[in-house]
Structure formats: structure tokens, C-alpha cells
Amino acid sequence: MIPQTWSAALQTIYPNTRNLLIMRILISLLGLLISLSAQADEIESTEHAKKALEIYSKVVSIPTVAGRERVPEMVEYLADEFRAAGFADQDIHIMPKGETAALVVHYKGDGSANKKPILLLGHMDVVEALAKDWQRPPFKLTQDDTYFYGRGSIDNKYGVSMLSATFIRLKKQGFVPSRDLIIAFSGDEETGMKTTRMLAGEVPLLANAEFALNSDAGGGSLTAKGKAISYRVQAAEKTYVTFELTARNPGGHSSRPRADNAIYELMAALGKIQKYRFAVMSSDMTRNFFRISGQQIGGGLGAAMIAFADNPDNRQASDRLAEEPSYVGTTRTTCIATMLQAGHAENALPQSATATVNCRIFPGVSVAQVKSQLQTVVDNSEIEFVTLGDPVESPISALRDDVMAAISKAVHPRYPGVNIMAYMESGGTDGMHFRSAGIPTWAVSGAFMNPNEMFAHGLNERLPIKAFYDGLDHWTIILKELAGQQNN
Ligand SMILES: [Zn+2]
């Protein structure tokens, strides 16, 4: 009764009180709606986190190591997940290639952006892990307070899980991209890269892409205390090539030594290669990398980085960087002896001696150039040079403003002000095949971690749990930025 009296009293004082009341009701309804939608957002995020973890856990449990032929099983599992989320059968392509397989998932856009598709890369295979050497079972996702453990927990089942969960999430949200988004997961990146070659070179759907974003490299670096150092975008890879150098000799009885000897000749050649340094090289990207890294690292090494960035011809600076295994590769092509095989009996003169020399070539220099350079250095036409495998030369992918802006939108809310910089990988990923096929590729993992926590390929591979949860929106933000309807 009292409120009614109160209301009636108000009515006499303010004739439009009813309107005021209605307004108040509307405002509180609006508040309710906002809090309901915040709740719905929270439920949606929780569901996404659950799905991402479920996929992550499942794929780590499948030992997709070369020779075990389990990649097809992982492909089937992921394909089922995509189907369950609403992707049509004809948009999920499983490409068997013998004992392994590739998976392509086509998220069709409405074409309103009038732009070519974006490819999203990852690889499903992992490097072998010997269970007896691990502290935990490698092919099971386990955790303690700080880390998720398991083979592939970083390389690259983390990336594959995040991209898959993001596609599933966007589909469930009813998101219609303004251009096509296409997942292309390879099945033997760590070994032969046959599926990668097929994806990059033989699939018309993928060949038309404007660019590719790779989940298998890049990402944020943190100090041991969790402070962000930088976010790195992998924009180039050095060319990986291996040569076998062989010296031959008629041989004979070791009690009757001859003046020439295959082992001595090979050693002399290797000694020359050991002393040789390839010419210093740089690009806008590597100079910028050294400038920013130098400011962060400080000290004598940091000063050398900055001096190199200012003037790559500064011999003192490049010599200082050449002493650092982590940085020498960013200043030049490198070649190093990795294996040796010679002779056939302790009491026989060697009939042959072979050394394996592995090179990482600066983008823009051809394999043929490096081979002829090494032959000049060795200066012995008797030494045979054989190039192993089928090396892939790939260009630097020049950075684009739209991609960098999308990365910034995903990275800066988590780590405000952190420097985003491009770098060149001295190792190798699927990206080189796509770059080589003319598709610019940048690797932009969502994980921020301390480089000392990186155990990819090694023992007890792990990912910080914080990196997993903090990175859940990374791909959603990037894809909505690059293929959202606001781009029309
Ligand atoms: Zn990898």
C-alpha cells in the first residue's frame, strides 16, 4: 500500500511521474539485458575454452609421429568436430598421401569484401618422443599448476587446436566471413613435407589465396617474471640445404701408405669451410629486428645489435654477432659440418671419406650460388659435391598494414605497448613452401612465453597454462578483423 500512496503523492507533485517510472523500468530492463548478454558472452567464452582444451587433449593423445601412420586418425577426429559444428561435408577435404594426410576446411565467406581467401596453416605431425626419457607420458596431455605437458603441446598441436576451436566457435556464433577462410593442416611437416608441397602446389582452392597465417611460429616473448619483451611475426625463413662432400682414393694396404689420402683431403676441405665466413647480409626486417632487440637486451651485445642495425658494414658489430649462436644466422648464410663417414677397415687406406655439411641460406641467395661458393672455398676439383633432397628457396614476405593492424588488435589488449616485429626463422616451417609458391606467409602464434620454457622437439615439451587461456581469443580477433563484415 505504501508504495502506491507514495506513487500517488508523486503523481500530484510531478504529473509526468508515470513517464519517469516507465523510463526507470526501461533503464533497469536495459541493464538486465546488458548483464544477460555479458552472461551469454561469458558462457560462450567458457564453451570455447572447453572445446579448445578438449581438442588439444585429444590430439596430443594421438601419436602422430612419422612411421606410425596415425595422422589419418587425427584428421578423421578433427573432420568430425568440424562437421558437428556445422561445416558441410563438401567443405571438409581429407587428402590422403599414403601413410599421412592433410586436412583442408573451407569456411566460405559471402564474398562481400571482394578479397581473395586467407589460409590458416598448422601441422598435425610431431617429432618422436621416447617415453622412457620423459618425466611424463609424452602422448597424453597432463598438467601441473603451471604447464600443460605432452608432445606437440607447443609444436604444433597447440596451434592446430586453437585454429580448429576458433573455426568451430565462429561457426556456432553464426559468423559469416566477408571472404573465404581456409584451414590447411599438413601431416608431415617435421619430416618429408610431402603433404605441405601438395597443399602449397597442387590444390587449386589454396593457390588462389591472398596470404597465409601460420600457427607454427611467431608469438610473444616474456621475461622469466612474465613481462612482455616483444611479439614476433615470422616473415621469412632461411633456405635449408645439405651437401655431401666426398673425397675418393684407390685405397690399398695401410702398410703401404700413398701420398694422397681421402681422409686427409676431406679434412683439408673441411678446414677451409670452417674458416670461411659468408658475406654479411641484411634486410629492412633483420635490421629492424636487431634495433629493437638491441634496445631490449642492452650491454655489449645490445650495442652491437644497434650498431649493426645502423650500419651492417660495421665489421666489429657483425663479428660480435657472429659469436652468438642465436644471432649469427640472422647476419649471413651459414654452413656447418654435421656428420662424417670415412674408411672401411682399420688396416686399409680409405677409399672414400664423406662429410655432411648443412647450410642455412639467407633469403635472396640461391642454393646453386652457395654450392659454387663452397666449391671455390674448398678449391679442390677432386672433392665431389652432392646436394641432398629438394631444397626450397623462399622470399621474405613483406609486412602488410592490414595484417599488422589485426595482430596489434589481438596482442595489444593483452600486452599494451609491446613491440611487434618481424623476424627471419633459421629453422623451417610449412611457411617456406607457401612463400615459395607466391603466397606471402606470416607466422603469428597466440602464445606468449619465456624462451627458456621452449622445449619443442625436445624432452618434456610444455606450454604455460596461462599462455593457453590468455590466447583463446587471439585467432578470433585476427579473423574478425581481416574477414569481418566491417571490412565491406
Ligand atoms: Zn612445428
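Here, the structure is the one placed above.
Everything quoted here is computed from the prediction, not taken from an experiment. (Residues numbered from 1 in each chain as written. Predicted model: local features only at pLDDT ≥ 70, side-chain atom pairs only at ≥ 80, totals over all residues. Heavy atoms only, no water.)

Asker: Any chance you could break down the overall build of the protein for me, citing the residues and the numbers?
Answerer: The helix and strand tally for the protein stands at 15 helices and 19 strands. Taken along the three principal axes of its C-alpha coordinates, the protein extends 125 × 50 × 50 Å. Per-residue burial for the protein yields a buried fraction of 48% across its 488 residues. A sequence separation of at least 24 residues applies to 77% of the contacts in the protein between residues at least 6 apart. In the structure as shown, the protein presents an accessible area of about 23200 Å², 54% of it carried by carbon and sulfur atoms. (Helix = DSSP H or I, 4+ residues; strand = E, 2+ residues; numbered from the N terminus. Buried < 20%, exposed > 50% of the residue type's maximum accessible area, 1.4 Å probe, protein only. Contact = heavy atoms within 4.5 Å. Areas by Shrake-Rupley, 256 points an atom, 1.4 Å probe, with all protein chains shown as cover.)

Asker: Residues and numbers for the sheet that holds strand β4 (residues 142–143), please.
Answerer: Backbone-to-backbone hydrogen bonds pair the strands of a sheet. The strands run either parallel or antiparallel. Pairing is antiparallel across the open sheet formed by three strands, whose spatial order is β4-β5-β19. Looking at the sheet topology across the chains shown, the edges are occupied by β4 and β19 (462–464). Where strand β5 (residues 147–149) meets β19, three bridges bridge the pair, whose relative direction is antiparallel. Considered in β19, the bridge of Tyr149 is made with Arg462. (Pairing = 2+ DSSP bridges.)

Asker: Residue-level account of helix α3 (residues 71–85), with values.
Answerer: An ideal rise of 1.5 Å per residue puts 21 Å on 15 residues; α3 measures up with 21 Å between its terminal C-alpha atoms. Among all positions in α3, only Val71, Met74, Val75, Tyr77, Leu78, Ala79, Glu81, Phe82 and Ala85 are buried. Backbone geometry just after α3 places Gly86 at a positive phi near 115°. (Expected span 1.5 Å × (residues − 1).)

Asker: Any details on the pairing of strand β8 (residues 219–222)? Residues and values, ideally.
Answerer: Pairing between β8 and strand β9 (residues 228–237): four bridges, direction antiparallel. Within the sheet, the bridge partner assigned to Gly219 lies in β9 and is Arg232. In this structure, the hairpin formed by β8 and β9 is closed by a connection of five residues, where Gly226 is found at a positive phi of approximately 90°. Summarising the sheet, β8 and strand β18 (residues 448–449) pair through two bridges and their orientation is parallel. Paired with Gly220 across the two strands is Phe448, which belongs to β18.

Asker: Describe the coordination of the zinc ion, with residues and values.
Answerer: Taken together, His123 (NE2), Asp155 (OD), Asp216 (OD) and Asp216 (OD) make up the protein donors of the zinc ion, found 1.9 to 2.5 Å from the metal. Spacing between the donor residues of the zinc ion along the chain follows H-x31-D-x60-D. Pair noted here: His123 is in strand β3 (residues 118–123) and Asp155 is in the loop between β5 and α4 (157–173), with a separation of 32 residues, a long-range link. Residue class for Asp155 comes out buried when judged on its relative accessible area of 10%. (Donors = N, O, S within 2.8 Å, 3.2 Å for Na, K, Ca; no water.)

Asker: Any chance you could break down unusual backbone geometry for me, citing the residues and the numbers?
Answerer: Residue Asn156 is bonded to the preceding Asp155 through a cis peptide linkage, with omega at 0°. Here Asn156 is to be found in the loop between β5 and α4. One non-glycine residue, Glu69, lies in the positive phi region at around 60°. Along the chain, Glu69 falls in the loop between α2 (17–60) and α3. What makes Glu69 partly exposed here is its relative accessible area of 49%. With a phi close to 55°, Met193 is a non-glycine residue in the positive phi region. Tracing the chain through its elements places Met193 in the loop between β6 (181–186) and α5 (194–202).

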